[in-house]
Amino acid sequence: MPLYHNEDQAMLADTARGFMAEEGNIAKQLRHWRDRNCKDGFGHALWKQMAEMGFTGMLVEEADGGLGMGHVEAGIVLEEIGRNLTPSPFLTSSVLAATALKHGSDDLKGRYLPGLIAGDSVFAVAIDETAKHRPSRIATRADKSGNGFRLNGAKTFVIHGGSADMVVVAARTSGGDEDADGITLFAVPKDVAGLSHDHVRLVDSSMATHMRLDGVELDGDAVIGEIDGGRAVLDAMLLAGRVGAAAEGVGVARGAMDMTVDYLKQRKQFGKLIGEFQALQHRASHLYSEVEIARAATIKAQQLLDGGSAHADLMASVAKAKVAKAARLAVQEGVQMHGGIGMTDEYDIGLYMKRDRALAEFLGDAHFHANRVAELSGY
Amino acid sequence: MADLEQFRTETRAWLEANCPPEMREPVRGEDDIYWGGRNATFKNDAQKAWLEACIAKGYTVPMWPKEYGGAGLSAPEAKVLREEMGKIGARPPLSSFGIWMLGPALLHFGTEGQKQRFLNEIARGEIRWCQGYSEPGSGSDLVSLQTFGEDKGDHWVVNGQKIWTSYADHADWIFCLVRTDKENKYGGITFMLFDMASEGVTTKPIKLISGSSPFCETFFDNVKVPKSYGDDVPAYVGTINRGWDVAKYLLGHEREMISGADGGERQAAIGAMMKRHAARLGDDLDPVLRAELANFDVDALAYAAMGEKFLDEIKVGKAHPAQPNMMKYAGTELNKRRHELMMAVGGSRSLEWESEATEGGKPSKSWLRTKANSIEGGTSEVMLNVIAKRILDLPGA
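On a predicted model such as this, the values are computed, not experimentally measured, just so you know.

Q: Just to check I follow, could you spell out the overall build of chain B for this structure?
A: For chain B, the helix and strand inventory stands at eleven helices and eight strands. On C-alpha atoms alone, chain B measures out to a radius of gyration of 22 Å, which is about the 21 Å that the 2.2 N^0.38 rule sets for 397 residues. Structurally, chain B occupies a C-alpha span of about 70 × 50 × 45 Å along its principal axes. Burial statistics for chain B: of 397 residues in total, 52% are counted as buried. Contacts in chain B between residues far apart in sequence, at least 24 positions, make up 69% of those at least 6 positions apart. Of the roughly 18000 Å² of accessible surface on chain B, a fraction of 52% belongs to carbon and sulfur atoms.

What follows is the structure in structure tokens.
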């Protein structure tokens with residue numbers, strides 16, 4: 001498959017670009033909700049509009065009422081979300097939770113997917129238990145109790161946790177904290193007793209929670225996939241999420257870069273446009289190269305994932321790490337080249353820097369994924 | 001697709017029957033590479049047999065039309081051939097600046113007479129070419145070149161000096177940028193072809209930091225260059241005084257080649273190989289070095305995806321015309337990093353300039369050689385200038 005968008009995908013990209021620039025732009029969404037101290041950190045009306053566009057269920061199988069599209073298509077939407085810094089539960093709900101639910105029973109799918117597809121429901125995923133992403137270590141416990149399970153533990157960095165109608169929770173049903181096996185995934189509904197959230201607003205104005213599970217009682221039908229065999233589902237979910245986060249990161253990087261290059265063409269100093277200075281031209285050209293390469297790696301990862309290739313895992317980590325590096329460069333150069341005005345809240349460039357920091361941390365930063373590339377390569 | 005699979009089967013069978021086992025070994029030294037030319041000698045019968053088989057099949061220049069010595073393969077067919085040759089480790093039958101540089105320029109700008117004569121010679125490896133671009137004082141800034149051809153009616157008298165002329169001391173002919181109008185900066189250069197045996201041409205090798213000397217200084221002292229070599233065979237490519245168009249076109253090819261976008265070693269991850277290398281030396285990777293290797297592999301694998309995307313986009317005309325500059329910039333910087341890391345893993349062993357273990361200092365010589373990557377074919381800084389102006393559309397300085 002060639003590494004560029006085919007005709008249908010290019011059409012989707014045009015649609016998504018127009019829609020997100022019009023409805024999901026910074027003034028209308030990010031600044032609007034931030035300045036009102038919105039408790040969700042995103043607008044439900046936009047989520048509903050995204051459902052009307054067919055975005056919310058694009059990764060859901062057609063048999064389950066979705067569009068049955070792939071990660072290239074989801075990536076197209078995510079890149080536009082990134083470019084516009086659109087606060088949205090798309091990544092957590094339509095990519096991560098939707099991927100987990102593919103492994104769920106018909107009953108679970110029937111309970112949750114229609115709400116997702118209609119844009120009425122929002123989902124979150126609870127994986128991390130420490131400040132850094134360490135999915136190899138799961139200490140939250142789910143003990144057998146009657147016909148079901150009783151969950152105890154704490155999760156952190158649960159994006160949209162407080163707004164979520166359902167949270168996918170990775171918990172341990174057997175073995176020690178570091179064991180690969182013995183993991184089970186659960187669909188934990190919003191109002192279950194013993195579930196509590198400590199809400200925190202993050203640097204990019206998004207909302208996350210520290211989530212506690214104190215004797216949360218769940219029926220056996222809340223299990224996603226196999227009991228004790230949840231690692232495979234968790235890995236599939238993480239893989240989809242990483243490729244998706246990389247795509248969103250490409251959007252963040254391109255948005256910041258475009259803004260900066262435009263600024264270089266407008267701002268005058270010493271009687272010249274600053275874009276005429278070779279010192280800045282070279283840095284901008286280097287940045288362009290890095291962002292283009294990161295984007296190629298991301299499209300490659302999307303295609304490998306859609307094709308079911310065994311190399312998708314390695315390429316997903318390459319993409320996540322490369323995008324994190326390129327986007328970091330883009331926002332740092334962006335703020336620096338804007339000069340003093342880049343430090344003001346009034347200018348959008350700083351918002352890109354904040355979003356990059358939060359997004360890069362989500363599902364593993366550049367260090368985590370470079371280390372993974374080494375491990376998967378056998379060193 | 002079915003046709004392509006059939007082509008693959010046939011190619012595999014042909015290679016099996018025609019590529020001698022000796023030609024399936026990695027290239028170990030300069031004499032394993034056959035450059036062709038009037039004075040070329042074969043290292044052994046296998047090298048000769050392999051070249052002759054490829055010439056007969058058109059496989060020295062697989063994508064060139066059959067009437068010019070090629071096999072007329074489509075891009076997907078040529079890719080299959082490359083892949084199948086790669087699988088058995090087949091050496092290229094013929095290495096040649098005629099194939100890589102002059103050929104594409106002649107295919108694009110040459111007259112029918114030039115194509116018939118020169119392309120067939122190149123495909124058969126009969127004439128070894130060198131490239132006369134750079135001059136002292138005119139490296140990346142080629143339009144400042146000074147070598148002058150004075151118009152004497154049916155011929156020019158060329159005086160001047162070229163530098164970095166790769167293998168000029170072994171070349172039979174030169175394709176050369178010569179100023180023919182001193183008033184016009186871009187529009188006063190002619191792309192000439194002439195015999196290195198012409199009276200007044202001398203060459204002198206330049207010893208490099210790597211210890212080898214593939215490059216030469218080349219001097220022209222009243223060299224007489226005729227304007228034509230026969231009916232429809234002008235001694236210049238394109239139009240007189242419009243050689244810059246040809247040079248620019250050819251530089252695009254050179255940059256693609258140097259960038260390794262067509263599948264060079266720069267695209268591969270090296271971490272696992274370096275761990276094995278360290279183990280052979282009785283060592284393990286230092287944690288910080290391992291981290292640097294991991295970061296390198298991220299960049300290398302991402303660049304490989306970019307290379308693939310770039311080639312896919314070229315095939316359908318989607319690539320930006322200045323994209324080869326980006327590939328060249330990123331690819332050559334990456335290759336320098338690769339060799340820095342390889343030297344670091346080898347430690348004191350990779351410093352050995354003369355020893356059996358390093359086959360005469362191969363690691364350090366390769367490392368030193370890569371430093372030229374971001375200079376030759378246009379420096380990294382020139383690449384960045386081109387990206388700034390032609391892709392990002394930044395204002396001219």
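Back to the text.
Q: Even after reading the chapter, I still don't get the pattern of salt bridges, so can you show me in this structure?
A: Opposite charge on two side chains allows them to pair when their charged atoms are near. Counted by the stated rule, this structure contains 63 salt bridges over all chains. Residues Arg337(B) and Asp299(B) are paired through a salt bridge, measuring 2.8 Å at the closest nitrogen-oxygen approach. Taken together, the residues Arg337(B) in helix H9 (residues 323-346) and Asp299(B) in helix H8 (residues 287-315) connect sequence positions 38 residues apart. Overall, the relative accessible area of 33% leaves Arg337(B) in the partly exposed class. On the basis of relative accessibility, which here comes to 9%, the residue Asp299(B) falls in the buried class. Each of the salt bridges in this network shares a partner with another, and the network as a whole consists of Arg17(A), Glu79(A), Glu80(A), Arg83(A), Arg254(A), Asp258(A), Glu292(A) and Arg295(A).

Q: Teacher, can you tell me more about a negative patch on the surface here?
A: Residue and element names in this part refer to chain A. Together, Asp177, Asp179, Asp181 and Asp228 make up a region of like negative charge exposed at the surface. For Asp228, the position within the fold is in the loop between strand S8 (223-224) and helix H7 (230-264). The partly exposed category is assigned to Asp228, whose relative accessible area is 32%.

Q: What exactly am I supposed to notice about the interface of chain B and chain A here?
A: Quite often, the size of an interface is put as the accessible area lost when its parts meet. At the interface, 39 residues of chain B touch 40 residues of chain A. Here chain B and chain A share an interface that buries about 3400 Å² over both sides, 65% of which is from carbon and sulfur atoms. Scanning the region where chain B abuts chain A turns up three salt bridges. Of the charged contacts in the structure, one is a salt bridge between Lys322(A) and Asp299(B), with a shortest N-O distance of 2.8 Å. Inspection of the chain B/chain A interface yields 20 residue pairs in polar contact (both at pLDDT 80 or more). Secondary-structure elements contributing two or more residues to the side of chain B that touches chain A are helix H7 (271-280), H8, H9 and helix H11 (380-391) of chain B.

Q: Sorry if this is basic, but what is going on with the packing of helix H8 (residues 278-306) of chain A against H9(B) here?
A: Where H8(A) contacts H9(B), the axes come no closer than 10 Å and their chain directions differ by 90 degrees. When the interaxial angle is binned, H8(A) and H9(B) end up roughly perpendicular. Contact with H8(A), carried on its side by His286(A), Tyr288(A), Ser289(A), Glu292(A) and Ile293(A), involves Gln323(B), Met326(B), Tyr329(B) and Ala330(B) of H9(B) and no other residues of that element. Grouping the constituent residues of the contact of H8(A) with H9(B) by class yields five nonpolar, three polar and one charged.

Q: Explain the side chain of Thr11(B) to me, please; I cannot follow it from the model alone.
A: Tracing the backbone shows Thr11(B) in helix H1 (residues 2-18). Setting aside its immediate chain neighbours within four residues, Thr11(B) contacts Tyr59(B), Leu81(B) and Glu84(B).

Q: Any chance you could explain the confidence of the model for chain B here in plain terms?
A: Predicted coordinates in areas of low pLDDT are best not read in detail. Averaged over chain B, the pLDDT score is 91; the fraction of residues at 70 or greater is 96%. Confidence estimates for the predicted assembly give a pTM of 0.88 and an ipTM of 0.94.

Q: Would you mind showing me how to read unusual backbone geometry here?
A: Outside of glycine, negative phi angles account for most residues, and trans bonds account for most peptide bonds. All names here are of chain B. With a phi close to 65 degrees, Asp232 is a non-glycine residue in the positive phi region. We note that Asp393 has phi near 60 degrees; this positive angle belongs to a residue other than glycine. Relative to the elements of secondary structure, Asp393 occurs in the segment after H11.

Q: Explain helix H5 (residues 90-101) of chain A to me, please; I cannot follow it from the model alone.
A: With twelve of twelve residues buried, H5(A) lies mostly within the body of the structure. Buried residues of H5(A): Phe90(A), Leu91(A), Thr92(A), Ser93(A), Ser94(A), Val95(A), Leu96(A), Ala97(A), Ala98(A), Thr99(A), Ala100(A) and Leu101(A), and no others.

Q: What exactly am I supposed to notice about the environment of Met63(B) here?
A: Residues and elements named next belong to chain B. For Met63, the location among the structural elements is in the loop between helix H2 (45-57) and helix H3 (75-88). A relative accessible area of 46% means that Met63 is categorised as partly exposed. With near-sequence residues (within four places) excluded, Met63 lies in contact with Gly72, Leu73, Ser74, Ala75 and Ala78.

Q: Which parts of the structure should I look at to understand the packing of aromatic side chains?
A: Here a ring pair, both rings aromatic, is described through the centre-centre distance and the interplanar angle of the planes. All names here are of chain B. Overall, the coordinates contain 24 aromatic pairs over all chains when judged by the stated rule. In textbook terms, an aromatic cluster arises when at least three aromatic residues are bridged by ring pairs, as seen for Phe118, Trp129, Trp173, Phe175, Phe191 and Tyr229. We note Arg128 situated over the ring of Tyr167; from NZ or CZ to the ring centre the distance is 5.0 Å. If you follow Lys182 out to its NZ or CZ, it ends over the ring of Phe148, 4.2 Å from the centre.

Q: Explain the layout of surface pockets here, please?
A: It is a probe the size of a water molecule, rolled over the atoms, that shows where empty space is left. The volume enclosed by the second largest pocket comes to roughly 600 Å³. Residue lining of the second largest pocket: 27 residues in total, with Arg254(A), Glu292(A), Arg295(A), Lys309(B) and Glu313(B) positioned closest to the centre. Residues that form the lining of the second largest pocket fall into these classes: twelve nonpolar, three polar and twelve charged.

Q: Hey, could you run me through the nonpolar core in this one?
A: In terms of nonpolar packing, the biggest core is built from 135 residues, with Met50(A), Phe55(A) and Phe90(A) touching the most fellow members. The element contributing the most residues to this core is H7(A), with 18 residues. Leave out the neighbours within four places in its chain, and Phe55(A) touches Leu12(A), Ala16(A), Phe19(A), Met20(A), Met50(A), Val77(A), Phe90(A) and Ser94(A). Counting 37 residues, the second-largest nonpolar core is a separate cluster that includes Leu102(B), Ile127(B), Leu177(B) and Val237(B).

Q: Before we go on, may I ask you to explain helix H1 (residues 7-23) of chain A in this structure?
A: Given 3.6 residues per helical turn, the α-helix brings residues three or four places apart onto the same face. Residues and elements named next belong to chain A. Spanning 17 residues, H1 covers 24 Å between terminal C-alpha atoms, matching the ideal 24 Å at 1.5 Å per step. Of all the positions in H1, only Gln9, Leu12, Ala13, Ala16, Phe19 and Met20 are classed as buried. Projected onto a plane normal to the axis of H1, the buried residues spread over an arc of 145 degrees and lie on a single side. Among the exposed residues of H1, those oriented more than 90 degrees off its buried face are Glu7, Met11 and Asp14. Looking at the packing, one finds that the buried side of H1 touches helix H3 (44-52) and helix H4 (71-83).

Q: Sorry, what's going on with the pairing of strand S1 (residues 123-126) of chain A here?
A: Consecutive residues of a regular strand have side chains that alternate between opposite faces of the sheet. Residues and elements named next belong to chain A. Neither face of S1 is exposed, since Phe123 and Val125 on one face and Ala124 and Ala126 on the opposite face are all buried. Here four bridges tie S1 to strand S4 (residues 166-172), and the two strands are oriented parallel to one another. When the bridges of S4 are listed, Val125 appears paired with Val168.

Q: Could you clarify how one ought to interpret the packing of H9(B) against H11(B) in this entry?
A: All names here are of chain B. Running from N to C, H9 and H11 cross one another at 145 degrees; their axes reach a closest spacing of 9 Å. For the crossing formed where H9 meets H11, the hand is left-handed. Along the contact surface, H9 presents Gln323, Asn325, Met326, Lys328, Tyr329, Thr332 and Glu333, while H11 presents Ser380, Met383, Leu384, Val386, Ile387 and Ile391. Among the residues forming the contact of H9 with H11, the class breakdown is seven nonpolar, four polar and two charged.

Q: When you look at the state of the cysteines in this model, what are you seeing that I'm missing?
A: By definition, a disulfide links two cysteine residues through a covalent bond between their sulfur atoms. Residue and element names in this part refer to chain B. Applying the stated criterion to the full structure yields zero disulfides over all chains. Cysteine Cys19 remains unbridged, with the sulfur of Cys54 as its closest cysteine sulfur at 7.3 Å. Taking the relative accessible area as the measure of exposure, Cys19 reaches 3% and is therefore buried. Of all cysteine sulfurs in the structure, the one in Cys216 sits closest to Cys130, which takes part in no disulfide; the separation is 8.1 Å.

Q: Where do I start with the environment of Thr11(B) in this structure?
A: Residues and elements named next belong to chain B. Under the relative-accessibility criterion, Thr11 is labelled buried at 2%. Distance from Thr11 to Leu81, taken between C-alpha atoms, is 6.7 Å for residues 70 residues apart in sequence. A distance of 2.6 Å separates a polar atom in the side chain of Thr11 from the backbone oxygen of Phe7.

The rules we used
- Residues numbered from 1 in each chain as written.
- Chains lettered and ligands numbered in written order.
- Predicted model: local features only at pLDDT ≥ 70, side-chain atom pairs only at ≥ 80, totals over all residues.
- Heavy atoms only, no water.
- Helix = DSSP H or I, 4+ residues; strand = E, 2+ residues; numbered from the N terminus.
- Rg over C-alpha atoms; globule rule 2.2 N^0.38 Å.
- Buried < 20%, exposed > 50% of the residue type's maximum accessible area, 1.4 Å probe, protein only.
- Contact = heavy atoms within 4.5 Å.
- Areas by Shrake-Rupley, 256 points an atom, 1.4 Å probe, with all protein chains shown as cover.
- Salt bridge = Lys/Arg side-chain N within 4 Å of Asp/Glu carboxyl O.
- Patch = residues over 30% accessible without salt bridge, like charges linked within 9 Å, V, L, I, M, F, W, Y side chains within 5 Å.
- Lys, Arg positive; Asp, Glu negative; His and termini not counted.
- Charge placed at Lys NZ, Arg CZ, Asp CG, Glu CD.
- Buried area = accessible area lost by both parts, 1.4 Å probe.
- Polar contact = N/O pair within 3.5 Å; in protein donor to acceptor, adjacent residues only side chain to side chain.
- Axes fitted to C-alpha atoms, helices over the stretch in contact; angles between N-to-C directions.
- Parallel < 35°, antiparallel > 145°, perpendicular 65-115°, else oblique.
- Nonpolar A, V, L, I, M, F, W, Y, C, P; charged D, E, K, R; others polar.
- pLDDT = per-residue confidence, 0-100.
- Phe/Tyr/Trp six-rings, centres within 6.5 Å; stacked < 30°, edge-to-face > 60°.
- Lys NZ or Arg CZ within 6 Å of the ring centre and 35° of its normal.
- 1 Å grid on protein atoms, 1.4 Å probe; cavity = no way out; pocket = protein on both sides within 12 Å on 5 of 7 lines; lining within 4 Å.
- Points joined across faces, edges and corners; volume = space filled by probe spheres on them.
- Core = buried A, V, L, I, M, F, W, Y, C linked by side-chain atoms within 4.5 Å.
- Expected span 1.5 Å × (residues − 1).
- Arc of directions from axis to C-beta.
- Pairing = 2+ DSSP bridges.
- Left-handed = near helix turned anticlockwise from the far one by under 90°.
- Disulfide = S-S within 2.5 Å.

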